[in-house]
Amino acid sequence: MTLKDTIALLQAAPADPIIGISDRFQKDPRTEKVNLTVGNYLGPDGKIPLQATVHEAQRRLLERRTVHSYLPIEGLKSFCDAVDVLSFGRDSEVLLSGRSATCQAIGGTGGLYLGGVFAKETLGVSHAAVPNPTWGNHIALFKKAGLEVSQYAYYDKAAGDVNIEGLLEDLRRLPERSLVLLQVCCHNPTGMDLSRQQWQRVLEVVKQKDHLAFLDMAYQGFAAGLEEDAWPVRLFAEAGVDFLLSVSLSKGFSIYGERTGTFTVVVQSAEEARVVHTLLRRHIRALYSNPPRWGAMIAEVVLNDEELNKAWKQEVEDMRLRVKAMREGLAQEGKKQGVSLDFALKQNGIFSFTGFTAQEMERLRTEFGVYGIDSGRIAMAGLTEPVLAHVAGAFAAVLKAR
């Protein structure tokens, strides 16, 4: 068969389960419609905000007539250092001893993929395990990196809570030296996070089985606060285990399109970290040569300026509290409609698991113009005050029809 024949037989890939539904929303002609698919934080006006600190950082960069030259392979060091402080804490032993290797990544997605490639090609890890359920792209990323992927128990739908015993048992059953993906906070899609006691138990199993923990921190600051949300990262750092960490700054800075994040490997010594850093540079060179500049420079300006840093932390706290208010508002509107929407109060962060079936989610889209994804996940950060009553009314109609 010729190349021409092969191309002629190709079939179109199915639409992404999130982006495809979001595309349907864009084509929906109704004015009363709500997009709760993609996890963008929206302000009270229903738009992604340009945060004051980001605006000021951009103004300073433009005033300097900053040029758009290539960054080093590993990215902007002052940016990486600032994110490390945000993740580990300024007085972290990991940072003071130099036993971490951090590179700039192309957002959280790029950090996860780089971590998968590093685990497979450099460490010889062959198996990865992700929560059930999890962000859909986790599985695709690790498979693309060459890893065999399975899922471990995470969410008990009947109880509406973390299935901690099932989770621990599944981690024990995994092949030794498996890569274990652990979402640090604001679990996507369920909104249910591990308690500190549960994190301690997970750490013990990871150590017993010699697993490689891969901590995914995409929503720092949106659960309990910037410092509080980083607690699991600091727990693993203090435990003295080797682990991986991916950090995304998309949500905290509202710079989604700039693809800004970091990837870190924590090891046992500064010398090991130096070696790992050289190996990460080699992977990055082959994958994308060097990372984008603008988002990292914006974040670097904000994080390394005392006044801007303080103002930014307040911006993140304001966003967190606003999402929390949307959760409370949805629950209150549900009571007015005669139904319980208290799942919103039990969960954290950007996303919530409604418990609706795929068929019910389709009814919400077609009859009410309320767009979530088939798993029952909605983006709480996409809610605004004017649409709360409409969304609650749509949920009530579906619940009452059961």
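Details of the structure are given in the entry above.
The text that follows walks through the structure, step by step, so that each part is easy to find.

How each quantity is defined
- Residues numbered from 1 in each chain as written.
- Predicted model: local features only at pLDDT ≥ 70, side-chain atom pairs only at ≥ 80, totals over all residues.
- Heavy atoms only, no water.
- Pairing = 2+ DSSP bridges.
- Helix = DSSP H or I, 4+ residues; strand = E, 2+ residues; numbered from the N terminus.
- Axes fitted to C-alpha atoms, helices over the stretch in contact; angles between N-to-C directions.
- Contact = heavy atoms within 4.5 Å.
- Patch = residues over 30% accessible without salt bridge, like charges linked within 9 Å, V, L, I, M, F, W, Y side chains within 5 Å.
- Areas by Shrake-Rupley, 256 points an atom, 1.4 Å probe, with all protein chains shown as cover.
- Salt bridge = Lys/Arg side-chain N within 4 Å of Asp/Glu carboxyl O.
- Buried < 20%, exposed > 50% of the residue type's maximum accessible area, 1.4 Å probe, protein only.
- Polar contact = N/O pair within 3.5 Å; in protein donor to acceptor, adjacent residues only side chain to side chain.
- Phe/Tyr/Trp six-rings, centres within 6.5 Å; stacked < 30°, edge-to-face > 60°.
- Lys NZ or Arg CZ within 6 Å of the ring centre and 35° of its normal.

### A closer look at the sheet that holds strand E10 (residues 260-266)
By way of backbone hydrogen bonds, the strands of a sheet pair with one another, either parallel or antiparallel.
Move 1: On the basis of which strands lie adjacent, the open sheet formed by 7 strands has the order E2-E10-E9-E8-E7-E3-E4 and mixed pairing. Taken across any chain shown, the strands that pair with only one partner, and hence form the sheet edges, are strand E2 (100-106) and strand E4 (148-153). For this sheet, the mean angle separating the axes of adjacent strands, direction not counted, is 25°.
Move 2: In this fold helix H13 (residues 270-287) packs onto E2 and E10, with an angle of close to 20° to the strand it touches most, E2.

### Concerning a nonpolar patch on the surface
Move 1: On the surface, Leu3, Ile7 and Leu10 cluster together to form a nonpolar patch covering roughly 350 Å² of accessible area.
Move 2: Mapping Leu10 onto the fold places it in the loop between helix H1 (3-8) and helix H2 (19-27).
Move 3: Classification of Leu10 by relative accessible area gives exposed; the value is 62%.

### Some points on the pattern of salt bridges
Move 1: In total, this model carries 22 salt bridges according to the counting rule given.
Move 2: Between Asp374 and Arg365 there is a salt bridge, with its nearest N and O atoms 2.7 Å apart.
Move 3: Since its relative accessible area comes to 40%, Asp374 is described here as partly exposed.
Move 4: Taken together, the shared-partner salt bridges in this structure form one network comprising Glu56, Arg59, Arg60, Glu63 and Asp305.

### Section: the environment of Ser340
Move 1: Within the secondary structure, Ser340 is located in the loop between helix H15 (306-336) and helix H16 (343-346).
Move 2: Along the sequence, Ser340 and Ala392 sit 52 residues apart, while their C-alpha atoms lie 9.8 Å from each other.
Move 3: From its side chain, Ser340 meets the backbone nitrogen of Asp342 in a polar contact 3.4 Å long.

### Things to note about the packing of aromatic side chains
Move 1: Under the counting rule described, the total for this entry stands at 10 aromatic pairs.
Move 2: For the pair Tyr219 and Phe351, a centre-to-centre distance of 5.8 Å together with 80° between the ring planes defines the contact as edge-to-face. In this pair, Tyr219 is assigned in the loop between strand E8 (212-217) and helix H10 (226-229) and Phe351 in strand E11 (residues 351-353), connecting sequence segments 132 residues apart.
Move 3: For Tyr219, a relative accessible area of 9% puts it in the buried group.
Move 4: One aromatic cluster is present, built from ring pairs that chain together Phe142, Phe214 and Phe263.
Move 5: In this structure, Lys33 packs its charged tip against the face of Phe25, placed 4.5 Å from the ring centre.

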